[in-house]
Every structure is written in structure tokens, then in C-alpha cells.
Amino acid sequence: MTGLKKSCNTCDNKKIAEKYISNLSPYENRPPIEIDLLALTRYVKANNIKLEDMTEEELIKFKTVK
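Okay, so let's go over this structure. All chains use their own residue numbering, which begins from 1 and follows the written sequence. At least 70 in pLDDT is required for a residue's local features to be given in this predicted model, at least 80 for side-chain atom pairs to be given and counted, and no such filter applies to totals for whole chains, interfaces and linings, which use all residues. Note: side-chain values were computed over all heavy atoms of the structure, leaving out hydrogens and water.

Under the scheme used here, helices are H or I runs from DSSP no shorter than 4 residues and strands are E runs no shorter than 2 residues, and both carry numbers assigned from the N terminus. The helix and strand tally for the chain stands at 3 helices and 0 strands. Helices and strands appear in the chain in the N-to-C order α-α-α. When accessible area is computed with a 1.4 Å probe and restricted to protein chains, residues below 20% of their type maximum are described as buried, those above 50% as exposed, and intermediate ones as partly exposed. Out of the 66 residues belonging to the chain, those deemed buried represent 8%. About 6700 Å² of surface is accessible on the chain, with carbon and sulfur atoms providing 57% of the total. Surface accessibility in these figures is a Shrake-Rupley result with a 1.4 Å probe; residues are shielded only by whichever protein chains are displayed.

This part takes up unusual backbone geometry. Of note in this structure, Glu 34 is not a glycine but carries a positive phi near 65 degrees. Along the chain, the position of Glu 34 falls in the loop between helix H1 (10-22) and helix H2 (37-47). Under the relative-accessibility criterion, Glu 34 is labelled partly exposed at 35%. Although it is not a glycine, Asn 48 adopts a positive phi angle of roughly 50 degrees. Position of Asn 48 relative to the elements: it lies in the loop between H2 and helix H3 (56-60). The exposure class assigned to Asn 48 is exposed, which follows from its relative accessible area of 71%.

Take a look at the structure:
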């Protein structure tokens, strides 16, 4: 086999996700994140852009608390 070997970090990602989920309690109220995630997701998909590429002005449009 020649060429570059594709690295697989699925196991690492699973460990990170499990660690994050283990800290969450479904019985504990958390403060709201103050962003409309549904609208933000639809905007990103409709415009075919990455969240990292969005400007601060674009992100402000999705704040729920002003």
C-alpha cells in the first residue's frame, strides 16, 4: 500500500462526546444559550457556509436576547 494513510479519530471523538454527556444532568436546569440554533443551522445550510466562516455581525442576527 502506497500513499498517505488516512487517520481515523472516531474513537477519540467518541470519548470526548461521552465525557461531555456524562457531565450533563437531565434533572438540572441550565441557563439558555441565547442563540436560535434552529435558525442558525438553517441559515448555514441554505448559504452553504461553515459556522467558523461567519462574521460576528451575522451571528448577532441569531441572538434571542437583545
